[in-house]
Amino acid sequence: MRGRIVWIAVGAGIASANPRAPATLSGRVMSGGAPAARFQVVCHGPSGELTTVGTDDDGAYAFDDLARGEYTCTANNATADATDRIDVTAGPVVHDFALAAYGQLDGAVVNAGDDTPVENAEVLLQYGSDDRSAQPRGRTDAMGHFAIDQVTAGAGAVIIVVGAPRRRLVQRFAMPAG
């Protein structure tokens, strides 16, 4: 008789003969305790692969046949997001996302000497302390106003770049969660 071993009984436990079998990841995307429909869940895997699924009307999502390892997954749409590191190990892994709503930052840039508006100043948004992570988010209007949408909770800085030679003005902020 020929065949393959699917499991081996060892004392009182069972050892799997296939530790490389694909794993599954599923769960729900929740916002304020309620299911969040029509969100996208994107996971970056241990080998750099990218996998994407959408949620159903009950906020449920599922990935099948995932390689085992650590994933960085984000659930997002235009109104909120959540990012978590998830260890996808043996068997089915269940992980629910708790969303944090985006915030908005707005302000005005004026000359310190005479309070006249500064038009067309570059506005950047930075999280953390590395200046190289600053991302362009727009320019000031004719009245010196700016607004930055989709700001996630946490600490960061708004960086205004004006003039020639270019001068950088930095204003730190803390965006509350929810």
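In this model, the protein chain carries an average pLDDT of 81, and 84% of its residues clear a pLDDT of 70 or more. The weakest mean pLDDT in the protein chain belongs to strand β1 (residues 7-10) at 35; the strongest belongs to strand β10 (residues 92-94) at 93.

Regular strands show a simple pattern: their side chains alternate between the two faces of the sheet. Pairing between strand β8 (residues 69-76) and strand β9 (residues 80-88): 8 bridges, direction antiparallel. Bridge pairing links Thr72 to Arg85 in β9. Remark: 3 residues form the turn of the hairpin made by β8 and β9, two consecutive strands paired antiparallel. Looking at chain direction, β9 and strand β12 (residues 100-101) are connected through 2 bridges and run antiparallel. The partner of Ala80 across the bridge, within β12, is Ala101.

Here we take up the packing of aromatic side chains. Inspection of the entire model under this criterion finds 2 aromatic pairs. Plain terms: the ring middles of Tyr61 and Phe63 are 6.0 Å apart, the flat faces sit at 65° to each other, and that makes the pair edge-to-face. Judged by relative accessible area, Tyr61 falls into the buried class, the value being 4%. Accessibility expressed as a relative area gives 2% for Phe63, which makes it buried. Their ring planes at 50° and their centres at 5.7 Å tell us that Tyr61 and Phe97 sit as a pair that is tilted.

Across the sheet, 4 strands lie side by side as β15-β14-β17-β18; this open sheet has antiparallel pairing. The open sheet terminates on both sides in strands that have one partner only, identified here as β15 (135-139) and β18 (167-175). Along the sheet, successive strands turn relative to each other by an average axial angle of 25°, direction set aside.

Per the counting criterion, the structure on display carries 3 salt bridges. Where Arg85 meets Glu70, a salt bridge forms, and the shortest distance between an N and an O atom there is 2.5 Å. One end of the pair, Arg85, is in strand β9; the other, Glu70, is in strand β8, and 15 residues separate them in sequence. Its salt-bridge partner being Arg166, residue Glu122 comes within 3.0 Å of it at the nearest N-O pair. Pair noted here: Glu122 is in strand β14 (residues 122-127) and Arg166 is in the loop between β17 (154-162) and β18, with a separation of 44 residues, a long-range link.

Conventions used here
Numbers given to residues run from 1 along each chain, matching the order in which its sequence is written. Restriction of local features to residues with pLDDT of at least 70 applies here, the model being predicted, together with a cutoff of 80 or more for giving and counting side-chain atom pairs; totals for whole chains, interfaces and linings are based on all residues. With hydrogens and water stripped out, all remaining heavy atoms of the structure feed into the side-chain values. In predicted models, pLDDT denotes the confidence assigned by the predictor to each residue on a 0 to 100 scale. The way it works is that DSSP assigns letters per residue, a run of H or I at least four long becomes a helix, a run of E at least two long becomes a strand, and they are numbered from the N terminus. Strands qualify as paired when DSSP identifies two bridges or more between them. Stacked, edge-to-face and tilted labels apply to pairs of Phe, Tyr and Trp rings (six-membered ring for Trp) whose centres lie within 6.5 Å, assigned for plane angles under 30 degrees, over 60, and everything in between, in that order. Only protein chains enter the accessibility calculation, which uses a 1.4 Å probe; a residue whose area is less than 20% of its type maximum is buried, one above 50% is exposed, and one in between is partly exposed. Only the contacting stretch of a helix is used when fitting its axis, a line to C-alpha atoms as for every element, and angles between N-to-C directions run 0 to 180 degrees. Here, a salt bridge means any side-chain nitrogen of Lys or Arg that lies within 4 Å of a carboxyl oxygen of Asp or Glu.

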